[in-house]
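Next come the chains, spelled out residue by residue.
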Amino acid sequence: MRSELFGTLPDTAGGTDRIDVHRWVLERDGVRVRVLTYGGIVQSVEVPDREGGVADVVLGFPDLDGYLAHPEPYLGALVGRYANRIAEGTFTLDGDSYRLARNNDPNSLHGGELGFDKRVWAAEAVGEFGVRLSRVSPDGEEGFPGRLEVAVTYALEAGGSLRISYEAVTDAPTIVNLTNHTYWNLGGAGSGNAAGGHEVRIDAGRVTLVDETLIPTGELREVAGTSFDFRESRKVGPGYDHNYVLDKGVGETAVEAAELYDPASGRVLSVATTEPGLQLYTSDHFDASLPFAPGDGIALETQHFPDSPNRPEFPSTVLRPGEVYRSQTVYGFGTRP
């Protein structure tokens, strides 16, 4: 494991100093992962194919300027305070109403204009194969209540699995929903259309039905007999930006809930999580300014459901003083003949 300078940013407080952004390189059992202190971004994951050929299987940019110029795809980013959408950028908690940025008009998306994906995190080594990122999100940041202390650890386990562990505490009631927004292409970044060639399995019998602005209607639609049914592995195809209601529900330990497979390379990605939901997004909204085309990456975002603060029937995303928010997701890598 090593840390290296990746770039510098202007001081957001208006000073003349610049803020260093570092890249942490984690290596274990044939897997190499690069993580940035800017946005907690997973810049690259290098793994072998069935023939032993190594390739980077996530979409990313080679330099900091790329991430600064193209923030909205959230390539590889640590997303918060609230991953996914909140309807009309507003919610009520304990009788008080809060207004957030409507950065995905008319809704709030992925923490607002300056969410966790655009912050520089403090970093420290954890053992031989991990890095812990931390920051304090002050009360009122992006409209969210409470001073939130957040820590996220990226660690390679024996066998090369990447475990992402999230923790947070607050001094006032607030809402928290954290995820990682990596786009996977198991054929290798830049190798072409992943949605057109990869197969996916998601252990979910229901999906949260959404309106035209991608806000849940409240209906949990059965996937049987629909294009949303991935209970058996099949080719993904385009057109997905939907939250799946995982059969396993919320848990204290990560349980496998999804798998992505590339028949051409033989690479397999397994996804285990403590979360009750998983957003399948086939990158259909990539625009022409990006070096990637629509469908080139597939995001599997583990999460609580979109708009949960406005849906009391959904699993709660409320965090109160004295409680600890904990979430874990494990990405496992392998091959098939």
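For the structure given in this document, a descriptive report is provided here. Since the structure is predicted, the reported quantities are computational estimates derived from the model, not experimental observations. (Residues numbered from 1 in each chain as written. Predicted model: local features only at pLDDT ≥ 70, side-chain atom pairs only at ≥ 80, totals over all residues. Heavy atoms only, no water.)

### Here's the deal with the overall build of the protein
As a reminder of what qualifies: The helix and strand labels rest on DSSP assignments: H or I over at least four residues marks a helix, E over at least two residues marks a strand, and numbering proceeds from the N terminus. All radius of gyration figures rest on C-alpha atoms, and the globule criterion is 2.2 Å times the number of residues raised to 0.38. Only protein chains enter the accessibility calculation, which uses a 1.4 Å probe; a residue whose area is less than 20% of its type maximum is buried, one above 50% is exposed, and one in between is partly exposed. Note on contacts: a residue pair qualifies if any of its non-hydrogen atoms lie within 4.5 Å across the two residues. To be clear on the numbers: accessible area is Shrake-Rupley with a 1.4 Å probe, and residue cover counts the displayed protein chains and nothing else. For the charge count, each Lys or Arg is scored as positive and each Asp or Glu as negative, with His and the chain ends excluded. Charge positions are represented by NZ for Lys, CZ for Arg, CG for Asp and CD for Glu.
Looking only at helices and strands, one finds 2 helices and 28 strands in the protein. Its C-alpha atoms give the protein a radius of gyration of 19 Å, within 12% of the compact-globule value 20 Å for 337 residues. Projected onto its principal axes, the C-alpha coordinates of the protein cover approximately 55 × 55 × 40 Å. Relative to its full complement of 337 residues, the protein shows a buried share of 53%. Taking contacts inside the protein between residues at least 6 apart in sequence as the whole, the part at least 24 apart equals 64%. Of the roughly 13400 Å² of accessible surface on the protein, 47% is carried by carbon and sulfur atoms. One finds the centroid of the 29 positive side-chain charges in the protein at a distance of 2 Å from the centroid of its 50 negative side-chain charges.

### Structural notes on the sheet that holds strand β4 (residues 42-48)
Definition in use: Strand pairing requires that DSSP identify at least two bridges connecting the strands. Here an axis means a line fitted to C-alpha atoms, over the contact stretch when the element is a helix, while the angle between two N-to-C directions is reported on a 0 to 180 degree scale.
Taken in spatial order, the 5 strands line up as β1-β2-β3-β4-β5 in an open sheet, and their pairing is antiparallel. Unpaired on one side and paired on the other, β1 (2-10) and β5 (54-56) mark the two borders of the sheet. Taking the axes of each pair of neighbouring strands and ignoring which way they run, one obtains an average angle of 15° across the sheet. In this structure, strand β3 (residues 31-36) lies alongside β4, joined through 4 bridges in antiparallel fashion. Looking at the pairing, Val35 lines up with Val42 of β4.

### Quick word on the nonpolar core
Heads up, the condition is: Residues belong to a common nonpolar core when they are buried Ala, Val, Leu, Ile, Met, Phe, Trp, Tyr or Cys residues joined through side-chain atoms within 4.5 Å.
Of all hydrophobic cores here, the largest spans 53 residues; its most connected members are Val45, Tyr154, Ile202 and Tyr244. For this core, the leading source of residues is strand β13 (residues 148-156), giving 5 residues. The residues contacting Ile202, other than those within four sequence positions of it, are Phe230, Arg231, Tyr244, Leu246, Ala257, Ala258, Leu278 and Leu280. Formed by 22 residues, the second largest nonpolar core is a distinct cluster that contains Ile41, Leu109, Leu290 and Phe292.

### Structural notes on the sheet that holds strand β23 (residues 255-261)
Taking strand neighbours across the sheet as the criterion, the 9 strands line up as β11-β12-β13-β14-β28-β24-β23-β18-β21 in an open arrangement whose pairing is antiparallel. Two strands in the sheet have a free side with no partner beyond their single neighbour: β11 (122-126) and β21 (234-235). Inspection of the sheet shows strand β18 (residues 199-202) paired to β21 by 2 bridges, in the antiparallel sense. Bridge pairing in β21 places Glu199 opposite Lys235.

### Some thoughts on the packing of aromatic side chains
For clarity, the cut-off: What counts as a ring pair is set by centres within 6.5 Å for rings of Phe, Tyr and Trp (its six-membered ring), and what kind of pair is set by the plane angle: stacked under 30 degrees, edge-to-face over 60, tilted for all other angles. Over a ring means this: the NZ of a Lys or the CZ of an Arg is within 6 Å of the ring centre and within 35 degrees of the ring normal.
Per the stated rule, a full pass over the model turns up 12 aromatic pairs. Centre to centre, the rings of Tyr183 and Phe286 are 5.1 Å apart; their planes meet at 65°, and the pair counts as edge-to-face. With Tyr183 in strand β17 (residues 183-184) and Phe286 in the loop between β25 (277-281) and β26 (298-303), this pair connects stretches of sequence that are 103 residues apart. Here the aromatic cluster, defined as three or more aromatic residues joined through ring pairs, consists of Phe228, Phe230, Tyr240 and Tyr244. Over the face of the ring belonging to Trp121 we find Arg135, whose NZ or CZ atom lies 6.0 Å from the ring centre. One residue, Arg336, lies across the ring of Tyr261, its end atom 4.7 Å from the ring centre.

### Some words on the pairing of β3
The element β3 is largely enclosed, with a buried count of 5 among its 6 residues. Sheet analysis places strand β2 (residues 18-28) next to β3, joined by 6 bridges and oriented antiparallel. Bridge pairing in β3 places Arg28 opposite Val31. What sits between the antiparallel neighbours β3 and β4 is a turn of 5 residues, in which Gly39 has the positive phi angle 70°.

### A look at the side chain of Asp241
Rules: Polar contacts, as used here, are pairs of N or O atoms within 3.5 Å; protein pairs need one atom able to donate a hydrogen and one able to accept it. Residues neighboring in sequence count only if both atoms are side-chain atoms.
The topology assignment puts Asp241 in strand β22 (residues 241-246). In terms of polar contacts, Asp241 uses its side chain to reach the side chain of Gln279, at 2.8 Å. Other than its neighbours up to four places away in sequence, Asp241 contacts Arg85, Leu214, Gln279, Leu280 and Tyr281.

### Side note on the environment of Leu5
Examined against the element boundaries, Leu5 turns out to sit in strand β1. Judged by its relative accessible area of 54%, Leu5 is exposed. C-alpha of Leu5 to C-alpha of Val57: the two residues are 52 residues apart in sequence and 23 Å apart in space. Sequence-distant contacts of Leu5, defined by excluding residues within four places in its chain, comprise Asp20, Val21 and His22.

### Some remarks on the pattern of salt bridges
Going by this rule: Take a side-chain nitrogen of Lys or Arg and a carboxyl oxygen of Asp or Glu: if they are within 4 Å of each other, that pair is a salt bridge.
Following the criterion strictly, the structure yields 22 salt bridges and no others. The partner of Glu46 in a salt bridge is Arg32, with the nearest N and O atoms 2.5 Å apart. A residue pair is termed long-range when its members are at least 10 positions apart, and Glu46 in strand β4 and Arg32 in strand β3 qualify at 14 residues. Residue classification places Arg32 among the partly exposed residues on the basis of a relative accessible area of 27%. In this structure, the salt-bridge partner of Arg163 is Glu157, at a minimum N-O distance of 2.4 Å. The exposure class assigned to Glu157 is partly exposed, which follows from its relative accessible area of 26%.

Purely geometric stuff here, so don't read any function into it on its own.
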